[in-house]
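Residues per chain are reported as follows:
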Amino acid sequence: RSPGLITDVTADMGVEIVTDGFDALTEAGFIWSDDGTQLNKADAANIETFTEVADTVRIDHTITGLERNKVYYVRAYAENKQGLAYSDTLMFSTKPFAVDPNDPTLYLIQNKEDLHRLTNMSDYWDEDFQQTADIALTSADFEDGGLFYN
């Protein structure tokens, strides 16, 4: 299935695996990367494995430690003594800003780096934002070499 809730640094994944009467599963899991490579179990750099699996199993997992505003590729796998099978590869993008945990449509501006990122991302100007802290800007931020200097 498609990824569930996606934030700036996490993505909820879920898969239902049915063995259809074949040998019981020995393990299942998710493999992901940020470049579409290393999506095989043997060479995976990012893998989450579950060994407590049944003949029909639903696995829900939150992938953590992702980077903001980045494209990722993910696929599920299942293994039994007959072999290894993979799902199709899905692509998703993390959000460029943190999101409110109670309202994932509300982006959070937490510091001047977020504010600067927003000024350069006009595709997001129609979205809902909430400033979560006082943001102190100085004249140096607008001078040559400053964060907001154009």
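Residues numbered from 1 in each chain as written. Predicted model: local features only at pLDDT ≥ 70, side-chain atom pairs only at ≥ 80, totals over all residues. Heavy atoms only, no water.

A.B. asks: An account of unusual backbone geometry is needed here, citing residue identities and associated values.
C.D. replies: Here glutamine 38, not a glycine, exhibits a phi torsion of approximately 55°, which is positive. Tracing the chain through its elements places glutamine 38 in the loop between strand S2 (25-33) and strand S3 (47-50). Residue class for glutamine 38 comes out partly exposed when judged on its relative accessible area of 36%. The backbone phi angle of asparagine 69 is positive, close to 55°, even though this residue is not glycine. Owing to a relative accessible area of 44%, asparagine 69 belongs among the partly exposed residues under this scheme. (Helix = DSSP H or I, 4+ residues; strand = E, 2+ residues; numbered from the N terminus. Buried < 20%, exposed > 50% of the residue type's maximum accessible area, 1.4 Å probe, protein only.)

A.B. asks: Mind laying out a negative patch on the surface, listing which residues take part and the relevant values?
C.D. replies: A cluster of like negative charges, contributed by Asp103, Asp126, Glu127 and Asp128, occupies part of the molecular surface. In this fold, aspartate 128 is placed in strand S10 (residues 128-131). (Patch = residues over 30% accessible without salt bridge, like charges linked within 9 Å, V, L, I, M, F, W, Y side chains within 5 Å. Areas by Shrake-Rupley, 256 points an atom, 1.4 Å probe, with all protein chains shown as cover. Salt bridge = Lys/Arg side-chain N within 4 Å of Asp/Glu carboxyl O. Lys, Arg positive; Asp, Glu negative; His and termini not counted. Charge placed at Lys NZ, Arg CZ, Asp CG, Glu CD.)

A.B. asks: Just give me the short version of the pattern of salt bridges, but keep the residues and values in it.
C.D. replies: In this structure the tally under the stated criterion is nine salt bridges. Residue lysine 41 pairs with glutamate 79 through a salt bridge whose shortest N-O separation is 2.6 Å. Note that lysine 41 is positioned in the loop between S2 and S3 and glutamate 79 in strand S5 (residues 71-80), a separation of 38 residues in sequence. Looking at glutamate 79, the relative accessible area reads 21%, which means it is partly exposed. Lysine 112 is the salt-bridge partner of aspartate 141, the closest N and O atoms lying 3.0 Å from each other. Highlighted residues: aspartate 141 in the segment after S10 and lysine 112 in helix H1 (residues 112-119), separated in sequence by 29 residues. One network of salt bridges, in which partners are shared, links Asp8, Arg68, Asp114 and Arg117.

A.B. asks: Any details on the sheet that holds strand S9 (residues 103-109)? Residues and values, ideally.
C.D. replies: Strand order in the open sheet formed by three strands is S8-S9-S10, with mixed pairing between adjacent strands. Whereas interior strands pair on both sides, the edge strands pair on one side only; in this sheet they are strand S8 (98-100) and S10. Going from strand to strand, the sheet's axes swing by 50° on average, the running direction of each strand aside. Relative to S10, S9 is paired through four bridges, and the arrangement is parallel. Following the sheet pairing, leucine 108 is matched in S10 by glutamine 130. (Pairing = 2+ DSSP bridges. Axes fitted to C-alpha atoms, helices over the stretch in contact; angles between N-to-C directions.)

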